Amino acid sequence: MRANAEVLLLEDDAETLDELKLHFAAKRFHPLAARSASRALSLLENNIQSSRPVLAVIDWDLSKAPDTQCSSGDVLARLSRELGDCLVIVYSANIDSFRVRSEIQRAHPRAWLHDKRDGATSLISRVDRVLDQTVADLRVHDGSVVIHIPSLDEHHHREAVRLVVHYPDIVTFHSDTATKAVRRFGDWLVRHDSRVRLISHGNRKYRLAVADEAGLR
Amino acid sequence: MAVASRHASALGVFAPETGRSIVVVSRDGETAVALRERTEPSVAVIRDVRPDEIAAGIAACLPFPWMVVNDLAGECCILERTLRRRPVLCCWRAPVPPGLPRHVREYSVFSEVATRVEQALRARVAGLQLAPHDGVQLSDGPRIASPRLDALVAQHPHAFDLPRSVFAPAARALSARGIPARIVQDRSRGGVVLVGTSA
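A quick note: this is a predicted structure, and the numbers were derived from the prediction, not measured.

Caption draft 1: Inspection of the overall build of chain A at higher detail. A count of helical and extended segments in chain A gives eight helices and 12 strands. Taken over the C-alpha trace, chain A has a radius of gyration of 17 Å; the compact-globule value for 217 residues is 17 Å, and the two agree within 12%. Considering only C-alpha atoms, chain A reaches an extent of 55 × 35 × 30 Å along its principal axes. For chain A, buried positions account for 57% of its 217 residues. By sequence separation, contacts in chain A at least 24 residues apart represent 61% of the contacts at least 6 residues apart. Surface accessibility of chain A: about 9,100 Å² in total, with carbon and sulfur atoms responsible for 46%. When the 31 positive and 31 negative side-chain charges of chain A are each reduced to one mean point, those points stand 5 Å apart.

Structure, rendered in structure tokens:
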């Protein structure tokens, strides 16, 4: 079963937003794109039951947004409270200011920061580095598919990607559909004799462990 | 420019979460920002709170904070109550007011806090070390989710100035897994410590 990973994009500049959308669509992501914080919050609201973005890329400064009812801080706070398993990158031209950093990290303590002055290419490279993780004999390719390196077999499911990019953290899954996908991924790992194993911590919490590091074999 | 979330209580820094948390109390957030630059969120989350948000910041750490850094000089009843009841590592802007438990460390410059956090995260005792996110693990074994063991390992070789009974759940976790370590009252070190029992 395939399920493309979603990415939330919040960027007030239409041209940059299009660039980001094209980039992620080319990587087989499903982009949830917004030019304003209130639109981003509605996208999250409308998708929270069916899907949860693996990644959010948030522009901190939204002065060109079509509406200013809500701020990027509101979106970050919602992500932190309700989508803790979503990786978040925040970029700003004022990222050097400790006051801006403090505001961002109070809204979302796990957010990664990026300097907007380095340009869109730098941001995209950073995102690719965050997503294209390797864990033992598994590799995430283009942020959307998990590859078992010895066999080159692919596993296409956003929850599998989520587990790999969060390694070694515990990830909490929020629906039966998601946990079924995670267990299928666990079975896939066993069938491929992967060095990586799925560990259940109960209450829909799972993490990946590398077998010979964790004394599992 | 974006403004901070209008509802302070909705900020992610107050989202209840299990896992290792460092509550940093300051008026301007500078200490928290500096500490965040040195600390991977997968190892410990920095909760940057203001003086009037201390209670909310502490309540969000389930079951209790791993460490508190108080960048304000002077007394603080809420912090004192927490430090007297829970095994929480603590760095306090000098001078430390009288009456706090003896395990509270005084600091004058940020580098002392940074060093303390780094040492605590790297601490090892009886083969135990901190696991990512929370809990402890043997180098070749499974993770043990015990916030009290997490605190004892991080505090090593120093002691907690608390009753030994505070650590009863940690003692049970050690015993259940047959880990060769004991939690003891060590007067020479000023409180409760974790020690290895193997030869």
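Caption draft 2: Representation of the packing of aromatic side chains within the structure. In the structure shown here, the tally under the stated rule is four aromatic pairs over all chains. Consider the rings of F24 of chain A and F29 of chain A, whose centres lie 5.4 Å apart with planes at 90°: the pair is edge-to-face. Of the two residues examined, F24 of chain A and F29 of chain A, each falls in the buried class. Between F185 of chain A and W188 of chain A, the aromatic rings sit 5.9 Å apart at their centres with planes inclined by 20°, giving stacked as the arrangement. Residue F185 of chain A and its partner W188 of chain A are both found in helix α7 (residues 176-191); the two are separated by three residues, about one turn of the helix. Residue F185 of chain A is classed as buried on the basis of its relative accessible area, which comes to 0%. Residue W188 of chain A is classed as buried on the basis of its relative accessible area, which comes to 5%. Its end group placed over the ring of W66 of chain B, R20 of chain B keeps NZ or CZ at 6.0 Å from the ring centre.

Caption draft 3: Highlighting the domain arrangement of chain B. Residues and elements named next belong to chain B. Taken domain by domain, chain B holds domain 1 (3-120) and domain 2 (124-196). Computed from C-alpha atoms alone, the centre-to-centre distance between domain 1 and domain 2 is 21 Å. Taken together, the 22 residues of domain 1 in the interface contact 20 residues of domain 2. With both chains or domains summed, domain 1 and domain 2 bury close to 1,600 Å², and 53% of this area falls on carbon and sulfur atoms. By the criterion of area lost to domain 2, the three top residues of domain 1 are R20, P87 and H103, representing 35% of everything that side buries.

Caption draft 4: Fine view of the interface of chain A and chain B. Facing 33 residues of chain A, the contacting portion of chain B comprises 36 residues. Note on chain A versus chain B: buried area summed over both sides is about 2,800 Å², and carbon and sulfur give 50% of it. By the criterion of area lost to chain B, the three top residues of chain A are R81, R106 and R110 of chain A, representing 27% of everything that side buries. Taken together, the links from chain A to chain B amount to three salt bridges. Put simply, E53 of chain B and R106 of chain A hold a salt bridge, and the shortest N to O gap is 2.8 Å. If you look at where chain A meets chain B, you find 14 residue pairs in polar contact (both at pLDDT 80 or more). Those elements that provide at least two residues to the side of chain A that touches chain B are α3 (72-82), α4 (98-107) and α8 (211-214) of chain A.

Caption draft 5: Structural view of the pattern of salt bridges. All told, the structure shown has 23 salt bridges over all chains when counted by the stated rule. Residue R204 of chain A pairs with D176 of chain A through a salt bridge whose shortest N-O separation is 2.6 Å. Of this pair, R204 of chain A sits in the loop between β11 (196-200) and β12 (205-210) while D176 of chain A sits in helix α7; the two residues are 28 residues apart in sequence, bridging distant segments of the chain. For D176 of chain A, a relative accessible area of 47% translates into the label partly exposed. R189 of chain B is the partner of D186 of chain B in a salt bridge, and the nearest nitrogen-oxygen pair spans 3.1 Å.

Caption draft 6: How the structure looks around the environment of D128 of chain A. Residue and element names in this part refer to chain A. Summarising the element assignment, D128 is placed in helix α5 (residues 119-131). For the pair D128 and V210, spaced 82 residues apart in the sequence, the C-alpha separation amounts to 23 Å. When residues no more than four places from it in sequence are discounted, the contact partners of D128 are H23 and K27. Side-chain polar atoms of D128 contact the side chain of K27, separated by 3.0 Å.

Caption draft 7: How the structure looks around the side chain of Q129 of chain B. Residue and element names in this part refer to chain B. By secondary structure assignment, the location of Q129 is in strand β9 (residues 128-130). For Q129, the side chain forms a polar contact with the side chain of R124, separated by 2.3 Å. Once residues within four sequence positions are removed from consideration, Q129 is found in contact with A123, R124, V136, Q137 and V153.

Caption draft 8: Spatial organisation of the packing of helix α1 (residues 14-26) of chain A against α5 of chain A. Residue and element names in this part refer to chain A. Relative orientation of the contacting elements α1 and α5 amounts to 30°, with a least axis distance of 11 Å. As α1 packs across α5, the resulting crossing turns out to be right-handed. Taken together, the residues of α5 that come into contact with α1 (itself represented by E19, L20, H23 and F24) are A120, L123, I124, V127, D128 and L131. Here the residues of the contact of α1 with α5 sort into seven nonpolar, one polar and two charged.

Caption draft 9: Up close: the sheet that holds strand β8 (residues 145-148) of chain A. Residue and element names in this part refer to chain A. Strands sit in the order β6-β7-β8-β9 across an open sheet of four strands; the sheet is antiparallel. With one partner strand each, in any of the chains shown, β6 (134-135) and β9 (153-155) form the two edges of the open sheet. Bridge analysis of strand β7 (residues 138-141) against β8 gives four bridges, and the strand direction is antiparallel. Each bridged residue has a counterpart across the sheet, and for V140 the counterpart in β8 is V146.

Scoring rules and cut-offs
- Here the residue index of a chain counts from 1 through its sequence in written order.
- Written order decides the labels, with chains lettered from A and ligands numbered from 1.
- Since the coordinates come from a predicted model, pLDDT governs what is reported: local features require at least 70, and pairs of side-chain atoms require 80 or more to be given and counted, while whole-chain, interface and lining totals use all residues.
- No hydrogens and no water enter the side-chain calculation; it runs on all heavy atoms of the structure.
- For the purposes of this entry, the term helix denotes a DSSP run of H or I that reaches at least four residues, the term strand denotes a run of E that reaches at least two, and both are numbered from the N terminus.
- Just to be clear, the radius of gyration here is over C-alpha atoms, and the globule rule we use is 2.2 Å times residues to the power 0.38.
- Each residue is assigned to one of three classes by its accessible area relative to the maximum for its type, calculated with a 1.4 Å probe on protein chains only: buried under 20%, partly exposed between the two thresholds, exposed over 50%.
- The contact definition used throughout considers only heavy atoms, calling two residues in contact when any of these lie within 4.5 Å.
- Per-residue and other accessible areas were derived by the Shrake-Rupley procedure at a 1.4 Å probe size, with only the shown protein chains allowed to occlude residues.
- His residues and chain termini do not enter the charge count, which takes Lys and Arg as positive and Asp and Glu as negative.
- For charged residues, the charge sits on one atom: NZ in Lys, CZ in Arg, CG in Asp, CD in Glu.
- Stacked, edge-to-face and tilted are the three classes for Phe, Tyr and Trp ring pairs, Trp counted by its six-membered ring, which pair at centre distances within 6.5 Å; planes under 30 degrees apart are stacked, over 60 edge-to-face, the rest tilted.
- By definition, being over a ring means that NZ of Lys or CZ of Arg is both within 6 Å of the ring centre and within 35 degrees of the ring normal.
- Throughout the structure description, domain borders are defined by an automatic or database domain assignment.
- Put simply, buried area is how much 1.4 Å-probe accessible surface two parts lose in total, over both of them, once they are put together.
- When a carboxyl oxygen of Asp or Glu is within 4 Å of a side-chain nitrogen of Lys or Arg, the pair counts as a salt bridge.
- Counted as a polar contact is a pair of N or O atoms within 3.5 Å, where, for protein atoms, one must be capable of donating a hydrogen and the other of accepting one, and residues adjacent in sequence contribute only when both atoms are in side chains.
- Orientation is described by lines fitted to C-alpha atoms, with helices fitted over the stretch in contact, and by angles between N-to-C directions that extend from 0 to 180 degrees.
- Handedness of a crossing follows from how the near helix is turned relative to the far one, being left-handed for an anticlockwise turn of less than a right angle and right-handed for a clockwise one.
- All residues other than Ala, Val, Leu, Ile, Met, Phe, Trp, Tyr, Cys, Pro, Asp, Glu, Lys and Arg, Gly among them, are scored as polar; the first ten of these are nonpolar and the last four charged.
- DSSP-based pairing: two strands are paired if at least 2 bridges between them are found.

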